[in-house]
Each structure stands twice: as C-alpha cells, then as structure tokens.
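Remarks on the overall topology
What follows is the residue order along each chain.
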Amino acid sequence: MDYSSTTKLSVANGPMMIPILDFSNPFWQANGIFVCTNVVGFLISITTGSHLHLDLIGTGAFALATIPTLLQQQQNVALHAQWSSWAVAVWGIKLAGFLFFRATQVRHDKRLEDLLLTTTGTFQFWLVTFVWNVVCSVPYLLGLCNRGTSGILGGGADSMVLKTGVAMYALGLGIETIADLQKFSFKRANPGKFCNAGLWSISQHPNYLGNLILWFGILIMNAPWLIESMSAPPLFTVVPTTDGASITSLLIGSLKSSVNWLWKCRRLIVSLVSPWFMWQLFSSQATGAMTNSLELANSKYGNDPGYKGYVENVPLIFPKF
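Here is what the cut-offs are and how they apply
- Residues numbered from 1 in each chain as written.
- Predicted model: local features only at pLDDT ≥ 70, side-chain atom pairs only at ≥ 80, totals over all residues.
- Heavy atoms only, no water.
- Helix = DSSP H or I, 4+ residues; strand = E, 2+ residues; numbered from the N terminus.
- Buried < 20%, exposed > 50% of the residue type's maximum accessible area, 1.4 Å probe, protein only.
- Contact = heavy atoms within 4.5 Å.
- Areas by Shrake-Rupley, 256 points an atom, 1.4 Å probe, with all protein chains shown as cover.
- pLDDT = per-residue confidence, 0-100.
- Axes fitted to C-alpha atoms, helices over the stretch in contact; angles between N-to-C directions.
- Parallel < 35°, antiparallel > 145°, perpendicular 65-115°, else oblique.
- Left-handed = near helix turned anticlockwise from the far one by under 90°.
- Nonpolar A, V, L, I, M, F, W, Y, C, P; charged D, E, K, R; others polar.
- Polar contact = N/O pair within 3.5 Å; in protein donor to acceptor, adjacent residues only side chain to side chain.
- Expected span 1.5 Å × (residues − 1).
- Salt bridge = Lys/Arg side-chain N within 4 Å of Asp/Glu carboxyl O.
- Core = buried A, V, L, I, M, F, W, Y, C linked by side-chain atoms within 4.5 Å.
- Phe/Tyr/Trp six-rings, centres within 6.5 Å; stacked < 30°, edge-to-face > 60°.
- Lys NZ or Arg CZ within 6 Å of the ring centre and 35° of its normal.

**Details of the overall build of the protein**
Regarding its fold elements, the protein presents 13 helices and two strands. Within the protein, the proportion of its 321 residues that are buried is 45%. Across the protein, the fraction of contacts at a sequence separation of at least 24, relative to all contacts at a separation of at least 6, is 82%. About 16600 Å² of surface is accessible on the protein, with carbon and sulfur atoms providing 67% of the total.

Structure, rendered in structure tokens:
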C-alpha cells in the first residue's frame, strides 16, 4: 500500500470474534451445554443439599461440551478440533470420575459447607463454575470457530505445533493424574497426615500445575487456527485521496497495519485469558483467598513442625529446580 497520499479509514466487513448465535454451530452448542449443566447442578444443590454431584457435573460439563463436535462426521471436522475435543473429553471424564469417587468417600466438602448453606451462596458457586467452564475452554471454543484444515502457518508447521500441544497436554495430564493418585493413596495409608510424598514434595499443589500445563497444551493445539490468514479481510482499509501527502497519512497507515495485525490475532489474544484466569483461580485457592482450604489445613496440621517447614520451603504450585 502506498501511503504517500492522505488517507481515510473505513471499517471492512470482516469476520466476527465469534459466530452469530446459531445453535447448529459447535461453539454455541458447547456454551449451551455449559449453561444447562450448571443450571441442573444448581437445582440439585438447592433441592438436596448434596455435595456428591458438584465435581461430577461441574467438571463433567467439559466432556459433555465436546459431544457435538465428536458426533460430527470426522471428515467434516478439522484435525485441530478433533484432537482438542478428544483432549478435553478425556481430561473431563478422567477428573470428573476421580473427583466423584472421592466425593463418595468423604460425602461433604468442608471447604464449601458454609457457602452452600444458602441459596445465594449456592448460586454463586454454580455461577463461578459456569465462568470457569467457559473461560477455561476459550482456546478450545474459539478454535472450533475455524473449520479450516490449515492454520496460519500451513502444512507441516501447523502439524508440528499441533503435536507440540498434544505433548504438553499429555505431560500436564500425567502430572495431574499422578499427583491425584499419590495424594489419594497417601491419605488412605496415612490418615490425618498431610501429603508430602512424590510430586507433593516439590509442589504444594502439583495437581494445579498439571492442570495449567494441559490447558496450555490445548491452547497450543489450536494456536495456528486462532490467527486469521493475512489474506482475510482487514478490520480497516485505507482509501487514498488526492489531497496531498502528509505525515498524518503515514501515521494512519502505520496505525492501520498494527490494528489489522492485532485484529487477525484477536482470537489468540483473547485465548490468553484462559491461562491467566486459571492461574488466578488456582492461586486464590492455594492461598485461601477464595476458599477456606488454607484455614482448614492450618487447623488440622498447624501444630506439626513438619507441616510448618513444608509450607515455608515448598512452592505453592511451580517447583523450584
């Protein structure tokens, strides 16, 4: 583009951030499932007062949200959507199943007893769960919006990024699974003691670490499909005029190019909210800012000198190497 003349900006009719409301689209089908599952969870909570279904429904919603994509004929679903759908489904089924089994053993989650005593508190819990469902899934959901077989990089490069994301997902899934099993086994063998074995010896919350890694892997899986092709319609076009050249035209042209580049990357940029939100969520839980988990742990193990040393020396989430 020649910016030697004065320019005017006009907005192009490019694609939107998300598809217009259409429940034949997997993006809206997944979000509809999130709404329905959390409404069901809320109704069960206020009518029964049970804690058994909390994680089964709240975490299981992720797996349910992949069903519309997985049920499509595979030749009509892009490879990144297939792989990330299976990744979310496997994780959701695995974690929901484990947490439900654990809930059948303890019956009530002491961290949530006070919150779930009232209808308002119960509503808040399921609202936060819904926000977690949607925001955590943003890279996956926005990846569904691009049904193209090729991402921004094209060919082998797209495949390499996809495989890198799968490897990171597998690493995170493994860490989370091992951490959960280690703690569960430790608690059964050592009732009343805090877990500092295996992965728990290098991180106070290795399950959170695994969760962060696996969802970042899902973000990487979808990354090439979260950036529009450079040939796609820009957000702004520059219309040359005959008014003569000026420094303003050069500045506007440069601004236009920068805005257009950011616009094409908008889905990727928005997807970065997911790991940020997950970090904030886990940090709040680990420090006791969101739940009373830290208070409960201190009341239970606070008189144990080993626990005090553990809290002081072992990082909350990311190990020190």
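Still to come is the rest of the account.
**Quick notes on the confidence of the model for the protein**
On average, the protein scores 84 in pLDDT, and the residues at 70 or more come to 84%. Segment residues 1-14 is flagged for pLDDT under 50; beyond a separation of four residues in sequence, or across chains, it makes 44 contacts in the model.

**Examining the packing of helix α1 (residues 26-48) against helix α5 (residues 119-136)**
It is at 10 Å that the axes of α1 and α5 come closest, and there the two elements cross at 155°. In this view, α1 runs roughly antiparallel relative to α5, as classed from their interaxial angle. α1 and α5 meet at a crossing whose hand is right-handed. Here Asn31, Phe34, Val35, Asn38, Gly41, Phe42, Ser45 and Ile46 of α1 lie close against α5, whose contacting residues are Thr119, Thr122, Phe123, Trp126, Thr129, Phe130, Asn133 and Val134. Partitioning the contact of α1 with α5 into residue classes produces eight nonpolar, eight polar and no charged.

**Looking at the environment of glutamate 228**
Here glutamate 228 shows up in the loop between α8 (206-222) and β2 (236-240). Classification of glutamate 228 by relative accessible area gives buried; the value is 11%. The sequence separation of glutamate 228 and leucine 268 amounts to 40 residues, and the corresponding C-alpha distance is 9.6 Å. Within the structure, the side chain of glutamate 228 is placed 2.7 Å from the side chain of arginine 266, a separation counted as a polar contact.

**Points about α8**
In this model α8 runs 25 Å from its N-terminal to its C-terminal C-alpha over 17 residues, within 8% of the 24 Å that 1.5 Å per residue would give. Judged by how many residues are buried, α8 sits mostly within the fold: 16 of 17 residues are covered.

**Points about the pattern of salt bridges**
Counting across every chain of the model gives two salt bridges. Residue lysine 94 is joined to glutamate 176 by a salt bridge in which the shortest nitrogen-to-oxygen separation is 2.6 Å. A residue pair is termed long-range when its members are at least 10 positions apart, and lysine 94 in helix α4 (residues 79-106) and glutamate 176 in helix α7 (residues 155-189) qualify at 82 residues. Using a relative accessible area of 23% as the deciding quantity, one classes lysine 94 as partly exposed. For glutamate 176, a relative accessible area of 2% corresponds to the buried category. Among the salt bridges present, the one from arginine 266 reaches glutamate 228, with a minimum N-O distance of 2.7 Å. One end of the pair, arginine 266, is in helix α10 (residues 266-271); the other, glutamate 228, is in the loop between α8 and β2, with 38 residues separating them in the sequence. Here arginine 266 and glutamate 228 have matching classes, each one buried.

**Here we look at the nonpolar core**
In a soluble, globular protein the nonpolar side chains are often hidden away together inside. Core analysis: the biggest nonpolar cluster contains 46 residues, and Phe62, Trp91, Trp132, Tyr169, Trp215 and Ile218 have the highest contact counts within it. For this core, the secondary structure elements donating two or more residues are α1, α2 (53-65), α4, α5, α6 (138-144), α7, α8 and α11 (273-287). The residues contacting tyrosine 169, other than those within four sequence positions of it, are Ala87, Val90, Trp91, Leu214, Gly217, Ile218 and Met221. Core analysis: the second largest hydrophobic core is formed by ten residues, Ala179, Trp200, Tyr301 and Tyr307 among them.

**Examining the packing of aromatic side chains**
This model, assessed by the stated rule, comprises 16 aromatic pairs. Between phenylalanine 34 and phenylalanine 62, the ring centres sit 5.8 Å apart and the planes meet at 70°, which makes this aromatic pair edge-to-face. Highlighted residues: phenylalanine 34 in helix α1 and phenylalanine 62 in helix α2, separated in sequence by 28 residues. Residue classification places phenylalanine 34 among the buried residues on the basis of a relative accessible area of 1%. Ring plane angle 45° and centroid distance 5.3 Å describe the contact between phenylalanine 194 and tyrosine 310, whose orientation is recorded as tilted. Of this pair, phenylalanine 194 sits in the loop between α7 and α8 while tyrosine 310 is found in helix α13 (residues 305-313), placing the two residues 116 residues apart along the sequence. Here the two residues phenylalanine 194 and tyrosine 310 agree in accessibility, since each one is buried. Positioned above the aromatic ring of tryptophan 263, the side-chain terminus of arginine 266 is 4.0 Å from the ring centre.

**Some thoughts on the environment of serine 85**
Looking at where serine 85 falls in the secondary structure, it is placed in helix α4. Sequence spacing of serine 85 and leucine 70 is 15 residues, and the spatial spacing of their C-alpha atoms is 6.8 Å. Beyond its immediate chain neighbours, meaning those up to four positions away, serine 85 contacts Thr66, Thr69, Leu70, Tyr140 and Leu144. Within the structure, serine 85 has its side chain in polar contact with the backbone oxygen of alanine 81 (distance 2.6 Å).

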